[in-house]
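Letter by letter, the chains look like this.
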Amino acid sequence: MEPAVPNVFAEPRPNARPEGTVIEGYVLETPADMPVDGKSAKTQARVIAAAKALGHKALVSLLAAPAAEASSRRRFQDGSR
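Quick notes on the rules
Think of each chain on its own: its residues are numbered from 1, step by step along the sequence as written. Per-residue local features of the predicted model are confined to residues with pLDDT of at least 70, and side-chain atom pairs are confined, for both listing and counting, to 80 or more; whole-chain, interface and lining totals are unaffected and use all residues. Computation of side-chain values: all heavy atoms of the structure, hydrogens and water removed. Numbering goes from the N terminus for both helices and strands, where a helix is a DSSP run of H or I of at least four residues and a strand is a run of E of at least two. Three exposure classes are used, based on accessible area relative to the maximum for each residue type with a 1.4 Å probe and protein chains only: buried under 20%, partly exposed in between, and exposed over 50%. By the convention used here, residues are in contact when the closest approach between their heavy atoms is within 4.5 Å. Note that accessible areas follow from Shrake-Rupley with a 1.4 Å probe, and for residues the cover is restricted to the protein chains shown.

Let's shift gears to the overall build of the chain. The helix and strand tally for the chain stands at two helices and five strands. In the chain, the order of α-helices and β-strands from amino to carboxyl end is β-β-β-α-β-α-β. Each of the 81 residues in the chain was classed as buried or not, and the buried ones make up 27%. Partitioning the intrachain contacts of the chain with sequence separation of at least 6 by distance along the chain shows that 32% fall at a separation of at least 24. Accessible area for the chain stands at about 5,600 Å²; split by element, carbon and sulfur atoms hold 54% of it.

Here's what the structure looks like:
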């Protein structure tokens, strides 16, 4: 069965971090900014694998956008391989 929301976003955490701040992990979110599974992963690869295991396609940001633009998700790349 296909998930209700096939595309999810691999989002870095902390969310609104200052430029140059280290990314502590990644989470999966729906296009409505809702958590998918409530878990975090240390790498994008692990969060993409989790999305695939749940039947989703993970979308990953190509550009680091300022916090004000982060929710616009202007450019994303398909996380599948």
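More follows now that the structure is in view.
Along the polypeptide, Met34 turns up in the loop between strand E2 (25-29) and strand E3 (35-41). Here the alpha-carbon distance between Met34 and Val8, two residues 26 residues apart in the chain, equals 9.6 Å. Excluding anything up to four places from it in sequence, Met34 contacts Leu28 and Glu29.

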